[in-house]
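Residues per chain are reported as follows:
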Amino acid sequence: MATAQKTKKVAKPRAHPPCPDMVVAAVGALKEKKGSSVSAIKKYIAANYKCDIEKLNSHINKALKSCVTKGSLVQVKGQGASGSFKLGTKKADAEKEKAIKAKAAARKKAAAEKKKEKREAAKVKKAAKLKAKKEAAKAKKTAATKKTVKKTTTKKKSTKKAAKSKTNHKLDHHVNSVKRTDNGRQCSWR
């Protein structure tokens, strides 16, 4: 029987440092004001290190993302492994985040105050409208009651006049039908 001897493969030493180190070195060496683009970083790595960029493309993208999450790089533009990158420090990032959070909190507070003021103003306007409506309704009621009072008084007057005329007519008729005698007694003649 043949016994197979296992041979251990000896790892070849790399001709270049790890990708995150190369990426950070490239961004530091480029020193662009608005940040170094991904293509510029890859060109720098291809020019200064003995490596195949096409094979390391995915590793460089991963290195960019991990450096951003660790805080050694700051992403100025874009998302993920695209855009522009600058060297960053964790303290500067923390301060920026605090400033951004403070600004956001101030904006939220100001917006909440504006909403509260608008609600109060709307309540005041609504109350004024209701008050005006109530006053208008009262004015209409008083005007209507005055008219009805005038109508009823005029009706009463007219009914009184009619009643008076009827009683006068009756009295006239009665007076005509009753005649007094000489000794003061009443006698009715028909």
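Above this text sits the structure in question.
Residues numbered from 1 in each chain as written. Predicted model: local features only at pLDDT ≥ 70, side-chain atom pairs only at ≥ 80, totals over all residues. Heavy atoms only, no water.

1. Side note on the overall build of the protein chain
Helix and strand content of the protein chain: four helices and five strands. The helix and strand sequence of the protein chain, counted from the amino end, reads α-β-α-α-β-β-α-β-β. For the protein chain, the residues scored as buried account for 15% of the 190 residues in total. (Helix = DSSP H or I, 4+ residues; strand = E, 2+ residues; numbered from the N terminus. Buried < 20%, exposed > 50% of the residue type's maximum accessible area, 1.4 Å probe, protein only.)

2. Some points on the pairing of strand β2 (residues 73-77)
Here β2 runs beside strand β3 (residues 84-87); their pairing, made up of four bridges, is antiparallel. When the sheet's bridge partners are listed, V74 is paired in β3 with K86. Between β2 and β3, which pair antiparallel in sequence order, lie six residues; one of them, G78, sits at a positive phi of approximately 85°. (Pairing = 2+ DSSP bridges.)

3. Concerning the nonpolar core
Counting 16 residues, the largest nonpolar core has C19, V23, I41, I45, I60, L64 and L73 as its most contacted members. Broken down by element, this core gets its largest block of residues, six residues, from helix α3 (residues 53-70). Filtering out sequence-adjacent residues up to four positions away, I41 remains in contact with V23, A26, V27, L30, S36, L64 and F85. (Core = buried A, V, L, I, M, F, W, Y, C linked by side-chain atoms within 4.5 Å. Contact = heavy atoms within 4.5 Å.)

4. Remarks on unusual backbone geometry
In this structure, K31 takes a positive phi of about 50° despite not being glycine. Mapped onto the elements, K31 comes out in the loop between α1 (19-30) and β1 (36-37). For K31, a relative accessible area of 69% translates into the label exposed.

5. Describing a positive patch on the surface
The grouping of K114, K115, K118, R119 and K123 at the surface amounts to a positive patch. Relative to the helices and strands, K114 resides in helix α4 (residues 90-177). (Patch = residues over 30% accessible without salt bridge, like charges linked within 9 Å, V, L, I, M, F, W, Y side chains within 5 Å. Areas by Shrake-Rupley, 256 points an atom, 1.4 Å probe, with all protein chains shown as cover. Salt bridge = Lys/Arg side-chain N within 4 Å of Asp/Glu carboxyl O. Lys, Arg positive; Asp, Glu negative; His and termini not counted. Charge placed at Lys NZ, Arg CZ, Asp CG, Glu CD.)

6. Description of the sheet that holds β3
Within a sheet, adjacent strands bond to each other through the backbone by hydrogen bonds, running parallel or antiparallel. As summarised here, the arrangement of the three strands in space is β1-β3-β2, forming an open sheet in which the pairing is antiparallel. Bordering the open sheet on either side are β1 and β2, each of which pairs with just one other strand. Bridge count for β1 against β3 is two bridges, and the pairing is antiparallel. Note that in β3 the partner of S36 across the bridge is F85. Here α3 sits on the sheet and contacts β2 and β3; the angle it forms with β2, its principal contact strand, is near 105°. (Axes fitted to C-alpha atoms, helices over the stretch in contact; angles between N-to-C directions.)

7. Details of α3
Along α3, the largest kink reaches about 30° and is centred on H59. Listed as buried for α3 are I53, L56, I60, A63, L64 and C67. Buried residues in α3 make contact with α1, α2 (38-48), β2 and β3. Looking at the residues trailing α3, positive phi occurs at G71, about 105°. (Bend = angle between axes of the 7 residues up to and from the residue.)

8. Some words on the packing of α1 against α2
Pairs of packed helices are described in terms of their axes, by the angle between the two and the distance that separates them. One can describe the packing of α1 onto α2 by two numbers: an axis separation of 9 Å at closest approach and a directional angle of 105°. The angle between α1 and α2 falls in the class roughly perpendicular. Contacts from M22, V23, A25, A26, V27, A29 and L30 in α1 reach A40, I41, Y44 and I45 in α2. Across the contact of α1 with α2, the residue classes tally to 11 nonpolar, no polar and no charged. (Parallel < 35°, antiparallel > 145°, perpendicular 65-115°, else oblique. Nonpolar A, V, L, I, M, F, W, Y, C, P; charged D, E, K, R; others polar.)

9. So, the packing of α2 against α3
Where α2 contacts α3, the two axes come as close as 11 Å, and the packing angle between them is 125°. Judged by the angle between their axes, α2 and α3 are oblique. Remark: the crossing between α2 and α3 carries right-handed chirality. Where α2 approaches α3, its residues V38, I41, K42, I45 and A46 are matched on the opposing element by I53, N57, I60, N61 and L64. Grouping the amino acids of the contact of α2 with α3 by side-chain chemistry returns seven nonpolar, two polar and one charged. (Left-handed = near helix turned anticlockwise from the far one by under 90°.)

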